[in-house]
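# Secondary and tertiary structure notes
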Amino acid sequence: MSRDGRTAFVTGGGQGIGKAITRRLLDNGFAVTIAELDITAGQETATELGATGSVRFIHADVADETSVHQALAQSIAQFGRLDVLVNNAAISISRPITELTLDDWNHVIAVNLTGAFLCAKYAAPALRRNAGSIINIASTRALMSEAHTEAYSASKGGLVALTHALAVSLGPEVRVNCISPGWIDVSDWQKQSTRSPAILSEADRSQHPVGRVGTPNDIAALVAYLVSPEAGFITGQNFVVDGGMTRKMIYV
């Protein structure tokens, strides 16, 4: 159990932004369940962060309803409650629209959007009992695009809309908010076999008004605030965390 009894369930918590969120919540006293499809990543992170607090890895596929139901039931049974759900798990397939298959499209939507719906569906009763909070991790791709990102962009746009729908449906007991990260360098937050330092140029940094590329900790810090009592009047919102990149006009 956590230091103060609060618990969180983080999908895709074994790597990248999800790992940083997991660590921040542990630092803030939560017990955390990492729901992760990549077994190696989930086990490595649970082991690495185990000294920080109470953390458990559950192998789960957010695109599978039975897997989601079972993972949440196991987490709630172990910790006795649920206070925070972070829907972070996501995949991307980048192909020209003429080459993107229906199976490709459906797979991305299933993981990135349907997975968040399923987690919210099965977490809602426990979250309501504890005046809990849901955080959906979307993307600036919900607002702007590169070529050949139709499935990913559509899934993240749907996640932003799902956020305000859930906020209305689950309020006032449960607050639901969304974070849309921009360019976040996750290279140091991957599992060991794929971890490598990023090579970032001055051009990469100068595209951001803040003068740098983002880090997973930038997102984790906002998650920590949004699930705290200080954010008690905030729900149904999408927060863009991109160093100002989507506000800067760039001419090449």
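Check the entry above for the structure.
This section reports on the structure supplied with the text. Because the structure is predicted, anything quoted here is derived from the model rather than measured.

With an omega of 5°, the peptide bond running from Gly171 to Pro172 counts as cis. Phi at Ala131 is positive, roughly 50°, even though this residue is not glycine. Mapping Ala131 onto the fold places it in the loop between α4 (102-129) and β5 (133-137). For Ala131, a relative accessible area of 59% gives the class exposed.

By size, the foremost hydrophobic cluster in this structure holds 32 residues, and its most contacted members are Phe9, Leu82, Leu85, Leu127, Ile134, Leu170 and Val176. With 29 residues, the next largest nonpolar core counts Ile21, Val32, Ala46 and Ile219 among its residues.

So, on to the packing of helix α1 (residues 16-27) against helix α2 (residues 39-49). Packing of α1 against α2 brings their axes to within 11 Å, and their N-to-C directions diverge by 25°. On the basis of the axis angle, α1 is roughly parallel to α2. Like other packed secondary-structure pairs, α1 and α2 cross with a definite hand, here right-handed. Side by side, α1 and α2 meet where Lys19, Thr22, Arg23 and Leu26 of the first sit next to Thr45, Glu48 and Leu49 of the second. Considered class by class, the residues forming the contact of α1 with α2 number two nonpolar, two polar and three charged.

Conventions we followed
Residues numbered from 1 in each chain as written. Predicted model: local features only at pLDDT ≥ 70, side-chain atom pairs only at ≥ 80, totals over all residues. Heavy atoms only, no water. Helix = DSSP H or I, 4+ residues; strand = E, 2+ residues; numbered from the N terminus. Buried < 20%, exposed > 50% of the residue type's maximum accessible area, 1.4 Å probe, protein only. Core = buried A, V, L, I, M, F, W, Y, C linked by side-chain atoms within 4.5 Å. Axes fitted to C-alpha atoms, helices over the stretch in contact; angles between N-to-C directions. Parallel < 35°, antiparallel > 145°, perpendicular 65-115°, else oblique. Left-handed = near helix turned anticlockwise from the far one by under 90°. Contact = heavy atoms within 4.5 Å. Nonpolar A, V, L, I, M, F, W, Y, C, P; charged D, E, K, R; others polar.

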